[in-house]
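These are the residues of each chain, in order.
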Amino acid sequence: MVARRALITGVTGQDGSYLAELLLAQGYEVIGVVRRSSTLNFERIAHIQDRLTLVPADLLDEVSLIAAIRDHRPSEVYNLAAQSFVQTSWSQPVLTGETTALGVTRLLDAIRIVDPEIRFYQASSSEMFGKVHEVPQTEVTPFYPRSPYGVAKVYGHWITVNYRESYGLHASSGMLFNHESPRRGLEFVTRKVTHGVARIACGLDDKLALGNLDSQRDWGYAADYVRAMWLMLQQDVPSDYVVATGETHSVRELCEVAFGAAELDWQQHVVVDERFLRPAEVDLLVGDPTKARDTLGWERDVGFARLVEMMVEADLDLVRAQLG
Ligand code: NDP
Ligand code: GDR
């Protein structure tokens, strides 16, 4: 049988690395799009790099996307690339819009031009719900984004729906709630906390400065969530899905569990620093994954406490190894 071929933008990111693993395990040939940078940034895919085909392209450059698709002719394209850090989207709103919003149109156009039979996944976000209109959030909850990032993701979502309806593309949008792992970037709050815990436990730091401790998120495990992406593209009919755990926890609870996993008291170490507060906040997110469960058969394996413990353990190993 001919191997199925998938192209992933954002393959060097957290989700890209887990999705590449999943697809390789299913026998896919995996094409990973990487953008040019002055230093290589392949830590998350180093363990599978020899099994991937890496191609240079950038969401800011239409011709490079057309060339990547034309030269490699994938049957599935997963658009995971983005300027994905919400805080940065206030200091770089135009770059965020170019990448996270217009980048989606560039990729959809590349597919439309080269081969409209390609199945397409768009990495949409719970940040689109923002100042939420209802709890929990579902596929029909209205959007009210609260950051330039959230606004850009709303555009990316609707252009995906629009190309599906305009050109009949098999294009699906996954409205994924926060998902984390030991591979999460250090700037996101879960990893910042678990890495901070490890440094404090090893005596390298004493304090951890955070922003809003009251905000609540529906945190799941990234390896569970990439399964939902793949399942969406295996359906006969494209559609949009909320992917979430259905549980919400505050940043304060995250601190309690993470410091507790290293037998530390978070209240002795966490300080609030205004630099990490946002101009407009998303206070509460919690998703209803009923449609993903009923239609895709998707379930998560890892819950909140286990996820945080797993991340603390991984960061303890990392910091200890760095100490030698
Ligand atoms: P990461 O920030 O870990 O990865 C982002 C990826 O995008 C990196 O590979 C990065 O490349 C790439 N990238 C950025 N700009 C460009 C560009 N101009 N051209 C090509 N590639 C580019 O994100 P995650 O893995 O966490 O998230 C994956 C996607 O899912 C993103 O679109 C994110 O917005 C979305 N999302 C994430 C959620 C989460 O909780 N993780 C929840 C909902 C949505 P480089 O390594 O070179 O920087
Ligand atoms: P988020 O993730 O903005 O939800 O976007 P992040 O982990 O950055 O923030 C979650 C919540 O924690 C609060 N917070 C802090 N956040 C950071 N980064 N650093 C801090 O020190 C801190 N203190 C408190 C934030 O204010 C916020 O309320 C993530 C990204 O992966 C997006 O790409 C994705 O679309 C959404 O999740 C779903």
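Being a predicted model, the structure only gives us computed values, none of them experimental. Residue numbers here run from 1 along each chain, matching the order of that chain's written sequence. Starting at A for chains and at 1 for ligands, labels are handed out in the order in which the entities are written. For this predicted model, a pLDDT threshold of at least 70 governs which residues receive local features, and a threshold of 80 or more governs which side-chain atom pairs are given and counted, while totals over whole chains, interfaces and linings are taken from all residues. Processing note: side-chain calculations cover all non-hydrogen atoms of the structure and skip hydrogens and water entirely.

1. Quick notes on the site of ligand 2
As a reminder, the rule being used: The criterion for a residue being near a molecule or strand is simple. One of its heavy atoms has to lie within 4 Å of it. Polar contact is the term for a pair of N or O atoms within 3.5 Å; when the atoms are in protein, one must be able to donate a hydrogen and the other to accept it, and sequence-neighboring residues count only if both atoms are side-chain atoms. The method behind every accessible area is Shrake-Rupley, applied with a 1.4 Å probe, and residues are considered shielded solely by the protein chains displayed. Polar here means any residue outside two lists: the nonpolar Ala, Val, Leu, Ile, Met, Phe, Trp, Tyr, Cys and Pro, and the charged Asp, Glu, Lys and Arg; Gly therefore counts as polar. Residue ranges assigned to the domains are those given by an automatic or database domain assignment.
Taken together, 22 residues lie near ligand 2, and Ser84, Ser125, Tyr149, Arg278 and Glu281 sit nearest. With respect to ligand 2, the backbone of Ser84 contributes an N or O atom lying 2.6 Å from an oxygen atom. For ligand 2, whose accessible area on its own is 700 Å², the fraction buried by protein is 96%. Partitioning the shell around ligand 2 into residue classes produces eight nonpolar, seven polar and seven charged. Inspection of the shell around ligand 2 shows a minimum of three residues originating in each of domain 1 (5-179 + 220-243) and domain 2 (185-217 + 247-283 + 301-323).

2. Side note on the packing of aromatic side chains
What counts here: A pair of aromatic rings is counted whenever rings of Phe, Tyr or Trp (Trp by its six-membered ring) have centres within 6.5 Å, and the orientation is called stacked for planes under 30 degrees apart, edge-to-face for over 60 and tilted otherwise. A helix here means a DSSP run of H or I that spans at least four residues, while a strand means a run of E at least two residues long, and both kinds are numbered starting from the N terminus. Exposed residues in this analysis have more than 50% of their type's maximum accessible area, buried residues have under 20%, and partly exposed residues fall in between, with area computed by a 1.4 Å probe over protein chains only.
For the coordinates displayed, the defined rule picks out nine aromatic pairs. For the pair Phe129 and Phe143, a centre-to-centre distance of 5.6 Å together with 50° between the ring planes defines the contact as tilted. Here the residue Phe129 occupies a position in the loop between strand S5 (119-125) and helix H5 (148-167), and Phe143 occupies one in the loop between S5 and H5, the gap between them amounting to 14 residues. On the accessibility criterion, Phe129 (0% relative accessible area) is buried. Ring centres of Tyr225 and Trp298 lie 5.4 Å apart, and the angle between their planes is 90°; on these two criteria the pair is classed as edge-to-face. Of this pair, Tyr225 sits in helix H7 (residues 222-233) while Trp298 sits in the loop between helix H9 (290-296) and helix H10 (304-323), and the two are 73 residues apart along the sequence. Assessed through its relative accessible area of 0%, Tyr225 is described here as buried. An aromatic cluster is built from Phe129, Phe143, Trp158 and Phe177, whose rings are joined through pairwise contacts.

3. Side note on the domain arrangement of the chain
Operational definition: What gets called buried area is simply the loss in accessible area from a 1.4 Å probe that two parts show on being joined, summed for both. What counts as a salt bridge is simple: a side-chain nitrogen of Lys or Arg found within 4 Å of a carboxyl oxygen of Asp or Glu.
Partitioning the chain into domains gives domain 1 (5-179 + 220-243) and domain 2 (185-217 + 247-283 + 301-323). Centre-to-centre, using C-alpha coordinates, domain 1 lies 27 Å away from domain 2. Across the domain 1 to domain 2 interface the summed buried area is about 1,400 Å²; carbon plus sulfur atoms make up 54%. Counting every contact that joins domain 1 to domain 2 gives two salt bridges.

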